[in-house]
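# Structure at a glance
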Amino acid sequence: MFELIKKLSNAFGVSGNEEEIREVIKNEIEKKVDYVEVDALGNLIAVKKGKGKKIMVAAHMDEIGIMATFIDEKGFIRFSSIGWVSEFYALGQRVRFQNGTVGAVFYEEKVEDMKNIKLSKLYIDIGAKNREEAEKKVRVGDTAAFMGEALKEGDKIISKALDDRSGCAVVIKTIQDLPKTDNEIYFVFTVQEELGLRGAKTAAYQIKPDLAIAVDVTLTGDTPESKPMEVKLGGGPAIKIKDRSVICHPKIKKLLEDNAKKLNIPYQFEILEAGGSDPGAIHLTAGGIPSGAISIPCRYTHSPVEMVDMGDLENAVKLLRESII
Ligand code: CO
Ligand code: ZN
């Protein structure tokens, strides 16, 4: 599992530029399903044919990042965010553009009080002499991802992009070891989730499944002075009840809870006060689709040091497998 997550989280895939991560995932699953297709927006859809229920499984393959907006005379690059990027998390990090160019993110020296830090006061330094030299490597409109290679510490993984490459890993493992079933399953690795659940929306409309289950990360309430929240790292996969984009269908919540009990694995309930997820788009599509989600507890989400628990991932695989066969 760790090796797979390392491979996935290292791959480039800022929202709207998912080409590289899509190839990596495609190579992992192609031989295990009946066919694989890429739709107009770039969603990767892997289909296991069958005559039973039509099920959509979704995990988003995009990651947050930045987009170059302006390059000054000295070659410093200004940027805006792709998805929710914290100025505090961005400061002092390294970013990598799709072509491999690496830069340091730093701030204007006249910022004296960290409270005044804004993304607009940060810039990327790729070590170029001037604008002309910078433009040979980075053009306005290019996107870059934060760097933070996956490392294992005990039974925890620390990495960038665990949101949602850890969810992608859970779905890939499920595909690679799928038991016989009559159900027709559409495993969708969605694009542009971080920009507003965009890929999931069009994919669900095209597929029109009987039900949908997404796999994504969720926040935890177990760090110093964190907001009160039920979810703990290592407490088992969380069954989503609601976030700001969806109230999960009671039927899907029950399906997931019944299966967690049957498998005798730990589980918890997720009520996420901030943020949305793919089921938010899926459940409102094509006349309405009963939707729910398995959420992986993740500390420090949207930072380059996101943290997940291996046991939660293994149990998420078991729970997803049992719920779609
Ligand atoms: Co996210
Ligand atoms: Zn996510």
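A brief report on the enclosed structure follows.

The rules behind these values
- Residues numbered from 1 in each chain as written.
- Chains lettered and ligands numbered in written order.
- Predicted model: local features only at pLDDT ≥ 70, side-chain atom pairs only at ≥ 80, totals over all residues.
- Heavy atoms only, no water.
- Salt bridge = Lys/Arg side-chain N within 4 Å of Asp/Glu carboxyl O.
- Helix = DSSP H or I, 4+ residues; strand = E, 2+ residues; numbered from the N terminus.
- Buried < 20%, exposed > 50% of the residue type's maximum accessible area, 1.4 Å probe, protein only.
- Donors = N, O, S within 2.8 Å, 3.2 Å for Na, K, Ca; no water.
- Tetrahedral: all angles 85-135°; square planar, octahedral: opposite > 155°, others 65-115°.
- Axes fitted to C-alpha atoms, helices over the stretch in contact; angles between N-to-C directions.
- Parallel < 35°, antiparallel > 145°, perpendicular 65-115°, else oblique.
- Left-handed = near helix turned anticlockwise from the far one by under 90°.
- Contact = heavy atoms within 4.5 Å.
- Disulfide = S-S within 2.5 Å.

## Some points on the pattern of salt bridges
Throughout the structure, instances matching the rule amount to 16 salt bridges. Across the salt bridge formed by Arg 165 and Glu 63, the nearest N and O atoms sit 3.3 Å from each other. One end of the pair, Arg 165, is in helix 5 (residues 162-176); the other, Glu 63, is in the loop between strand 3 (54-60) and strand 4 (65-71), and 102 residues separate them in sequence. You'll find Arg 165 and Glu 63 in the same group, each marked buried. Each of the salt bridges in this network shares a partner with another, and the network as a whole consists of Glu 63, Lys 160 and Arg 165.

## Some remarks on the coordination of the cobalt ion (ligand 1)
Around the cobalt ion (ligand 1), the protein contributes the donor atoms Asp 163 (OD), Glu 194 (OE), Glu 194 (OE) and His 302 (NE2), which lie 1.8 to 2.6 Å from the metal centre. Taken together, the 4 donor atoms coordinating the cobalt ion (ligand 1) span angles of 54 to 149 degrees at the metal, a pattern that classifies the geometry as irregular. A distance of 3.2 Å spans the gap from the cobalt ion (ligand 1) to the zinc ion (ligand 2), which Asp 163 bridges by coordinating each metal. One end of the pair, Asp 163, is in helix 5; the other, His 302, is in the loop between strand 17 (291-297) and strand 18 (306-309), with 139 residues separating them in the sequence. This pair shows no difference in class: Asp 163 is buried, exactly as His 302 is.

## Some words on the packing of helix 5 against helix 9 (residues 310-324)
At a closest axis distance of 9 Å, the pairing of helix 5 and helix 9 adopts a crossing angle of 50 degrees. On the basis of the axis angle, helix 5 is oblique to helix 9. Like other packed secondary-structure pairs, helix 5 and helix 9 cross with a definite hand, here right-handed. From helix 5, Ser 166, Val 170, Val 171, Lys 173 and Thr 174 reach across to helix 9, where they touch Leu 313, Ala 316, Val 317, Leu 320, Arg 321 and Ile 324.

## A few points about the coordination of the zinc ion (ligand 2)
Only His 60 (NE2), Asp 163 (OD), Asp 216 (OD) and Asp 216 (OD) from the protein reach the zinc ion (ligand 2) as donors, at distances of 1.9 to 2.7 Å. Note that the zinc ion (ligand 2) binds 4 donor atoms; their angles at the metal cover 51 to 148 degrees, and the shape is irregular.

## Here we look at the state of the cysteines
Covalent bonding between the sulfur atoms of two cysteines defines a disulfide. Throughout the structure, instances matching the rule amount to 0 disulfides. Cysteine Cys 168 is unpaired, with the sulfur of Cys 298 as its nearest cysteine sulfur at 13 Å. No disulfide involves Cys 248; its nearest neighbouring cysteine sulfur is the one of Cys 298, lying 18 Å away.

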